[in-house]
Amino acid sequence: MENRDRRKFLGVCLGGIASASIAAVAYPLFRYLSPIPEQENSGKVTFQESDIPEGEAKFFQYAGSAAVLIKNKEQGVIALSAVCTHLGCIVQWQKERGEFLCPCHAGRYTAQGLVISGPPPKPLQPLHVSIANGTITIG
Amino acid sequence: MSLYKNIDNWLDVRLGTHSLIEKELTGYLLPRNINAWYSLGSVLLFIFSLQIVTGILLLIYYVPDADKAFASVTMIMNRVPFGWLVRMCHVVGSNMMVLILLFHMLSVLFMGSYKSPRELNWLSGFILFNLVMAISLTGYLLPWSQLSYWATTVATNSVGAIPFIGSYLVEFLRGGKLVGPPTLGRFFALHVAVIPITIAAFVGIHLVLLQRIGVSTPPFGLKETKSNWRGDTFRYEEHPGGIPFFPNYLLQDMTSIMLYLALFFAVLFFDPYLFLPKDAFIPADPFLTPAHIKPEWYFLPNYQTLKLFPSEFLGLAVQGAAMTFLALLPFIDRGTEKHPLKRPLFMACSIGGILLWIGLAIWGHFS
């Protein structure tokens, strides 16, 4: 009986050491493979107002994702996430129609990002825009 | 318990696992007087696996581009969580692999395991030794530091001493007149694809040969230490009354691997830059050769030999002759005696050779 207790104790010790070793390998491995956080510059993107022509769209990186800025006579400056809400493709700006088109499944959005037709379930996510002294700030 | 039994039975009916385990593990008998030196092969297999795993992990962040390689290695060391650990495991592991490989070869030499009928095993092992040197050399360039750049310049340059084709061969190896971006490309391909696959293939051959011929009996603790192999027919060397591989010798293998890991982690955590001189932390500059550029410790004897001879060709020829002698040793040393103390000529030559090698390494280090 005493022998069996000893055997059990040693087995538990061995199991404990093995688990600790696996954890000591698995944790660094997980951290190594995890995405490295971006070095963020206060999360704001700025443009000069004069750099963006009327009716044109400017695509840029915002918070690690794609965003688009358009300048219209009617609505002024609008910033939207450029990620289609259907399956995550990047929408295209169709200047002559004044619409966004997602090339993947033909989703159409207005210049404000509202769904006109096609599969997108939600409008494009709007981003906060402020203009001061000819500088457009997003975020 | 019954689930385990069911799975075990299911597999046995389909694959005959019980007889396979009996044949290869529990019933596979090794000589009674087998010693710990025989486990170095398993340790090497373990190190090689570790090098593959850490190497694949490094590939995730490493960029094989002369403009970006150094920065990517710096990023692995400084920004990637535990990147330093993965990289230092790979660096220290490569040095340890060469060290353990040398011990493995020495044990085979001193216990006479290379002798007939195991010439092919020795030859495949010798090729593995050269491949490990080659993978170390090609890996050395990849961080694109001053150290790697100039060590590669010197190493590739020595090939130039071969008459007639030497200068073309140097250019061919480098992919250009000097070590540069084309060199990085070809060394990268060799280091991560060509040589690892070749090593894996030769490890397979090495193990198949071992399995086919049988483990050689160590000469220690026996009255009769001569090999009684006649050389007329194939004979598998059986060891009736020996110890089973599983669990007995596997435990020795595990013990040796644990001892190795203790040594490995001691270097890794207490002196990680043991094998990395200062020049390993400076980006490569093709217009500035640093002072006292030296190769890795295991190339120091070769480096010193090249410096000793008046002509580079002579230095290279001597090394080539020494390596050829080592490769063909089982064909030259045809005696059947395996005990080192009963082979005085062998003992004198091998100990002399080892002392010469160590002496040249020390001389090379301090010169």
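Please read these numbers as outputs of a predicted model, since none were measured by experiment. (Residues numbered from 1 in each chain as written. Chains lettered and ligands numbered in written order. Predicted model: local features only at pLDDT ≥ 70, side-chain atom pairs only at ≥ 80, totals over all residues. Heavy atoms only, no water.)

Undergrad: What exactly am I supposed to notice about the overall build of chain B here?
TA: Secondary structure assignment for chain B yields 14 helices and 2 strands. Relative to the 2.2 N^0.38 estimate, which gives 21 Å for 367 residues, the radius of gyration of chain B is 23 Å and therefore close to what a compact globule would have. With the principal axes as the frame, chain B shows a C-alpha extent of 65 × 60 × 35 Å. Sequence separation of 24 or more characterises 77% of the internal contacts of chain B that already satisfy a separation of 6 or more. Accessible surface for chain B amounts to roughly 19,900 Å². Of this, 72% is attributable to carbon and sulfur atoms. (Helix = DSSP H or I, 4+ residues; strand = E, 2+ residues; numbered from the N terminus. Rg over C-alpha atoms; globule rule 2.2 N^0.38 Å. Contact = heavy atoms within 4.5 Å. Areas by Shrake-Rupley, 256 points an atom, 1.4 Å probe, with all protein chains shown as cover.)

Undergrad: Just checking my understanding: could you explain the packing of aromatic side chains for this structure?
TA: Each aromatic ring pair is specified by the distance between its two centres and by the angle formed by the two planes. Residue and element names in this part refer to chain B. Across all of its chains, the model carries 19 aromatic pairs over all chains by this definition. Ring geometry for Y114 against W122: centres 5.6 Å apart, planes inclined by 55°, an arrangement best described as tilted. A relative accessible area of 7% places W122 in the buried class. Ring centres 5.7 Å apart and planes at 15° place the aromatic pair F265 and F269 in the stacked group. In this pair, F265 and F269 are both assigned in helix α10 (residues 245-270), 4 residues apart and thus about one turn of the helix distant. (Phe/Tyr/Trp six-rings, centres within 6.5 Å; stacked < 30°, edge-to-face > 60°. Buried < 20%, exposed > 50% of the residue type's maximum accessible area, 1.4 Å probe, protein only.)

Undergrad: I would appreciate a short explanation of the state of the cysteines in the present structure.
TA: Defined simply, a disulfide is a covalent bond joining two cysteines at their sulfur atoms. All names here are of chain A. Going through the model one piece at a time under the given rule, you end up with 1 disulfide over all chains. Disulfide pairing is shown between C89 and C104; the S-S distance is 1.9 Å. Between C89 and C104, the disulfide has an S-S torsion of -95° and is therefore left-handed. You can see C89 sitting in the loop between β4 (76-81) and β5 (92-94) and its partner C104 sitting in the loop between β6 (99-102) and β7 (107-110), a full 15 residues away along the chain. Here C84 stays unpaired: no disulfide links it, and the sulfur of C102, its closest cysteine neighbor, is 3.7 Å away. (Disulfide = S-S within 2.5 Å.)

Undergrad: How should the confidence of the model for chain A be read in this particular structure?
TA: Close inspection of predicted coordinates is inappropriate in any region flagged by low pLDDT. Of the residues in chain A, 95% have a pLDDT of 70 or more, and the chain-wide mean is 89. Element-level mean pLDDT values for chain A span from 86 in strand β1 (residues 45-48) of chain A up to 94 in helix α1 (residues 2-33) of chain A. (pLDDT = per-residue confidence, 0-100.)

Undergrad: I would appreciate a short explanation of the sheet that holds strand β10 (residues 129-132) of chain A in the present structure.
TA: Pairing between the strands of a sheet is mediated by backbone hydrogen bonds and can be parallel or antiparallel. All names here are of chain A. Taken together, the 3 strands give an open sheet; going across it, the order is β1-β11-β10, and neighbouring strands pair in antiparallel fashion. What marks the edges here is a single partner per strand, and that holds for β1 and β10. Strand-to-strand, the axes of this sheet are offset by a mean angle of 20°, without reference to chain direction. Bridging between β10 and strand β11 (residues 135-138) involves 4 bridges; their strand directions are antiparallel. Within β11, the residue paired with I131 across the bridge is I136. (Pairing = 2+ DSSP bridges. Axes fitted to C-alpha atoms, helices over the stretch in contact; angles between N-to-C directions.)

Undergrad: Where do I start with the interface of chain B and chain A in this structure?
TA: Quoted interface sizes are often the accessible area lost when the parts come together. Contacts between the two partners involve 13 residues from chain B and, on the opposite side, 10 residues from chain A. Carbon and sulfur atoms supply 71% of the area buried between chain B and chain A, which totals about 980 Å² over both sides. Area buried by chain B at its contact with chain A is led by R79, P81 and F82 of chain B, which between them contribute 53% of it. Remark: the boundary between chain B and chain A carries 0 salt bridges. In this structure, the connection of chain B to chain A is made through 2 residue pairs in polar contact (both at pLDDT 80 or more). (Buried area = accessible area lost by both parts, 1.4 Å probe. Salt bridge = Lys/Arg side-chain N within 4 Å of Asp/Glu carboxyl O. Polar contact = N/O pair within 3.5 Å; in protein donor to acceptor, adjacent residues only side chain to side chain.)

Undergrad: Got a minute to help me understand unusual backbone geometry in this structure?
TA: Of all residues except glycine, most have a negative phi; of all peptide bonds, most are trans. The amide bond that connects S116 of chain B to the next residue, P117 of chain B, takes the cis arrangement and shows omega of 5°. Turning to its location among the elements, P117 of chain B is positioned in the loop between α5 (83-110) and α6 (119-141). Look at the link from F246 of chain B to P247 of chain B: it is a cis peptide, with omega at 5°. Tracing the backbone through its elements, the reader meets P247 of chain B in helix α10. The residue A63 of chain A is not glycine, and still its phi comes out positive at about 50°.

Undergrad: Looking at this structure, how should I read the UniProt feature "transmembrane region" (unreviewed entry) in chain A?
TA: Using the residue numbers shown here, the UniProt feature "transmembrane region" (unreviewed entry) corresponds to residues 9-30 of chain A. Across residues 9-30 of chain A, the secondary structure splits into 100% helix and 0% strand, with the terminal C-alpha atoms separated by 31 Å. (UniProt positions renumbered as here; feature names shortened; annotations may be inferred.)

Undergrad: What exactly am I supposed to notice about the side chain of K338 of chain B here?
TA: Residue and element names in this part refer to chain B. Tracing the backbone through its elements, the reader meets K338 in the loop between α13 (329-332) and α14 (344-366). This buried residue, K338, is left without a salt bridge; E237 holds the nearest opposite charge, at 5.1 Å. If we skip the residues at most four places from it in the chain, K338 touches F110, M111, G112, S216, T217, P219, T225, S227 and R343. (Lys, Arg positive; Asp, Glu negative; His and termini not counted.)

Undergrad: Sorry, what's going on with the environment of F60 of chain A here?
TA: Residue and element names in this part refer to chain A. Its place among the elements puts F60 in strand β2 (residues 57-62). It is 9.7 Å that separates the C-alpha atoms of F60 and S81, two residues lying 21 residues apart in sequence. Excluding its chain neighbours within four sequence positions, the residues that come into contact with F60 are V45, F47, S65, A66, A67, V68, L69 and I138.

Undergrad: Help me understand the UniProt feature "domain: Cytochrome b/b6 C-terminal region profile" (unreviewed entry) in chain B, please; the structure alone is not making it clear to me.
TA: The feature "domain: Cytochrome b/b6 C-terminal region profile" (unreviewed entry), as given by UniProt, occupies residues 235-367 of chain B in the numbering adopted here. Overall, residues 235-367 of chain B shows 59% helix and 2% strand. The separation of its end C-alpha atoms is 51 Å.

Undergrad: Is there a simple way to think about α5 of chain B in this case?
TA: Three- or four-residue spacings in an α-helix give side chains the same orientation, since the helix completes a turn every 3.6 residues. Residue and element names in this part refer to chain B. Taking 1.5 Å of rise per residue, 28 residues should cover 40 Å, and α5 covers 40 Å from first to last C-alpha, within 8% of that figure. Of all 28 residues making up α5, 23 are buried, and the element is well covered by its neighbours. Where α5 ends, the next residue or the one after it, G112, has phi of about 65°, a positive value. (Expected span 1.5 Å × (residues − 1).)

Undergrad: Could you clarify how one ought to interpret the environment of A134 of chain B in this entry?
TA: Mapping A134 of chain B onto the fold places it in helix α6. Put simply, A134 of chain B and L274 of chain B are 140 residues apart on the chain and 21 Å apart in space, counted from C-alpha to C-alpha.

Undergrad: Help me out: how do you make sense of the pattern of salt bridges in this one?
TA: Two side chains of opposite charge can pair, provided their charged atoms sit close to one another. Applying the stated criterion across every chain yields a total of 7 salt bridges over all chains. In this structure, E56 of chain A and K95 of chain A form a salt bridge, with 3.1 Å as the shortest nitrogen-oxygen distance. Taken together, the residues E56 of chain A in the loop between β1 and β2 and K95 of chain A in the loop between β5 and β6 connect sequence positions 39 residues apart. Among the residues examined, E56 of chain A registers a relative accessible area of 30% and is labelled partly exposed. The residue R343 of chain B makes a salt bridge to D333 of chain B at a minimum N-O spacing of 3.7 Å. Taken together, the residues span a long stretch of sequence, with R343 of chain B in the loop between α13 and α14 and D333 of chain B in the loop between α13 and α14 at a distance of 10 residues.

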